[in-house]
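Take a look at the letters that make up each chain.
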Amino acid sequence: MKKLAILVAAGALLSMPVLGQDIAAGKAKYNASCLSCHGPDGKSTIPINPKLNGQFASYLIAQTNDIKDRKRTNGLSATMIPFVSSLTQDDIKNISAYLESVE
């Protein structure tokens, strides 16, 4: 029962929007940095590039930071390093909040 409560709480945290983030700034930074590969509004039409729209911001933040810190090395992560290396934590949070808001 304790494990179930922990899982429910974790799920609730993952589904919470990122509060206090600037979605407009996230969209502008996304369009400048990510659009060419991940498509308009994170809706990639290139099969190898993941669709990012509607993903939980917490997931996108974790994945982006893992790529930036070179902890994630599978797939096209190496291709992403030049793009994410210049992003600040606020940029990453804003972009992630924007993508979470897009359906």
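Here goes a summary of the coordinates provided.

**Let's talk about helix α6 (residues 89–101)**
Owing to its 3.6 residues per turn, the α-helix brings residues three or four apart onto one side. Taking 1.5 Å of rise per residue, the 13 residues of α6 would be expected to cover 18 Å, and the 18 Å separating its terminal C-alpha atoms lies within 8% of that figure. Among the residues of α6, those classed as buried are D91, I92, N94, I95, S96, A97, Y98, L99 and E100. If you follow the buried residues of α6, they end up packed against α2 (23–33) and α4 (57–68).

**Focus on the packing of α2 against α6**
For any two helices packed against each other, the geometry is given by the interaxial angle and the distance between the axes. Look at α2 against α6: their axes get within 7 Å of each other, and the N-to-C directions meet at 95 degrees. As far as their axial angle goes, α6 and α2 are roughly perpendicular. Side by side, α2 and α6 meet where I23, A25, G26, K27, K29 and Y30 of the first sit next to D91, N94, I95, A97, Y98, L99 and S101 of the second. The residue makeup of the contact of α2 with α6, split by class, is 7 nonpolar, 3 polar and 3 charged.

**A look at the packing of aromatic side chains**
Inspection of every chain in the model, using the stated rule, returns 1 aromatic pair. Here the aromatic rings of Y30 and Y98 are separated by 5.7 Å at their centres, their planes lie at 50 degrees, and the arrangement is tilted. You can see Y30 sitting in helix α2 and its partner Y98 sitting in helix α6, a full 68 residues away along the chain. In this pair, the class of Y30 matches that of Y98, namely buried.

**Comments concerning the pattern of salt bridges**
Evaluated as defined, the whole model comprises 1 salt bridge. Notably, a salt bridge pairs K29 with D91, separated by 3.8 Å at the nearest N-O pair. With K29 in helix α2 and D91 in helix α6, the pair connects residues that are 62 residues apart, well separated along the chain.

**Details of the packing of α4 against α6**
Where α4 contacts α6, the axes come no closer than 8 Å and their chain directions differ by 140 degrees. As judged from the angle between their axes, α4 and α6 are oblique. Every pair of crossing elements has a handedness; the one defined by α4 and α6 is right-handed. Across the interface between the two elements, A57, L60, I61, T64, N65 and K68 from α4 touch Q89, I92, K93, S96, A97, L99 and E100 from α6. Class assignment of the residues belonging to the contact of α4 with α6 gives a composition of 6 nonpolar, 4 polar and 3 charged.

**A closer look at the environment of I48**
Mapping I48 onto the fold places it in the loop between α3 (35–38) and α4. I48 gets classed as exposed once you look at its relative accessible area, which sits at 60%. Counting along the chain gives 11 residues from I48 to C37, while the straight-line C-alpha distance between them is 9.5 Å.

**Topic: the nonpolar core**
For soluble globular proteins, the rule of thumb is that nonpolar side chains tend to be buried together. Counting residues in hydrophobic clusters, the biggest one holds 14 residues, and the most contacted among them are Y30, L52, L87, I95, Y98 and L99. Residue assignment for this core shows that the elements contributing at least two residues are α4, α5 (77–84) and α6. Per-element tally for this core: the top contributor is α6, with 4 residues. Not counting residues up to four positions away in its chain, the partners in contact with I95 are G26, K29, Y30, C34 and L87.

Reading the values: the criteria
- Residues numbered from 1 in each chain as written.
- Predicted model: local features only at pLDDT ≥ 70, side-chain atom pairs only at ≥ 80, totals over all residues.
- Heavy atoms only, no water.
- Helix = DSSP H or I, 4+ residues; strand = E, 2+ residues; numbered from the N terminus.
- Expected span 1.5 Å × (residues − 1).
- Buried < 20%, exposed > 50% of the residue type's maximum accessible area, 1.4 Å probe, protein only.
- Contact = heavy atoms within 4.5 Å.
- Axes fitted to C-alpha atoms, helices over the stretch in contact; angles between N-to-C directions.
- Parallel < 35°, antiparallel > 145°, perpendicular 65-115°, else oblique.
- Nonpolar A, V, L, I, M, F, W, Y, C, P; charged D, E, K, R; others polar.
- Phe/Tyr/Trp six-rings, centres within 6.5 Å; stacked < 30°, edge-to-face > 60°.
- Salt bridge = Lys/Arg side-chain N within 4 Å of Asp/Glu carboxyl O.
- Left-handed = near helix turned anticlockwise from the far one by under 90°.
- Core = buried A, V, L, I, M, F, W, Y, C linked by side-chain atoms within 4.5 Å.

Any functional reading would require information that these geometric values do not contain.
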